[in-house]
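Each chain is listed here by its residues.
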Amino acid sequence: YKGEIGFLTYYVLPLAAKLDTCGVFGVTSDEFRIYASENLKEWTERGEEMVKKYVAKYEENAEKQETAPPRQTSSMVNFTNTGTIEEEEEGEDGTVEEYENEP
């Protein structure tokens, strides 16, 4: 969470202040600065607590996956902007193989 506080403090807030100063986005420039300040305040007040909750949830899910039965294979289809259909096959070990079919 400290990385988020640093990112907001040293990157987002100065950028939002510059946007507000130059007025490139008109009235909304001030809103960016206000929202960035509110986000920083929330991360400062609740960030550590929230990250601890996320980590606990992640660890809980990891434990469940360790005791879960093996996953069945699934087939997923991705439509790309190239006009081809890419199919992905996920094996039991979690690896994904891709191959293309013409539409």
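The structure presented is a predicted model; accordingly, all values stated were derived computationally and were not measured. (Residues numbered from 1 in each chain as written. Predicted model: local features only at pLDDT ≥ 70, side-chain atom pairs only at ≥ 80, totals over all residues. Heavy atoms only, no water.)

Caption draft 1: View of a nonpolar patch on the surface. There is a patch of nonpolar side chains on the surface, built from Phe7, Tyr11 and Leu15 and spanning about 310 Å² of accessible area. Examined against the element boundaries, Tyr11 turns out to sit in helix 1 (residues 2–22). (Patch = residues over 30% accessible without salt bridge, like charges linked within 9 Å, V, L, I, M, F, W, Y side chains within 5 Å. Areas by Shrake-Rupley, 256 points an atom, 1.4 Å probe, with all protein chains shown as cover. Salt bridge = Lys/Arg side-chain N within 4 Å of Asp/Glu carboxyl O. Helix = DSSP H or I, 4+ residues; strand = E, 2+ residues; numbered from the N terminus.)

Caption draft 2: The arrangement of helix 2 (residues 28–67) in detail. Across its 40 residues, helix 2 extends only 50 Å between first and last C-alpha, which sits more than 12% below the 58 Å expected from 1.5 Å per residue. When the local axis directions of helix 2 are compared, the greatest deviation, roughly 65°, occurs at Arg46. For helix 2, the full list of buried residues reads Ser29, Ala36, Leu40 and Gly47. Where the residues of helix 2 are buried, they touch helix 1. (Expected span 1.5 Å × (residues − 1). Bend = angle between axes of the 7 residues up to and from the residue. Buried < 20%, exposed > 50% of the residue type's maximum accessible area, 1.4 Å probe, protein only. Contact = heavy atoms within 4.5 Å.)

Caption draft 3: Representation of the packing of aromatic side chains within the structure. Throughout the structure, instances matching the rule amount to two aromatic pairs. Taking 5.3 Å as the distance between ring centres and 20° as the angle between the ring planes, the aromatic pair formed by Phe7 and Tyr11 counts as stacked. In this pair, Phe7 and Tyr11 are both assigned in helix 1, four residues apart and thus about one turn of the helix distant. Measuring from centroid to centroid gives 5.6 Å for Phe25 and Phe32, while their planes differ by 90°, and the two rings are edge-to-face. (Phe/Tyr/Trp six-rings, centres within 6.5 Å; stacked < 30°, edge-to-face > 60°.)

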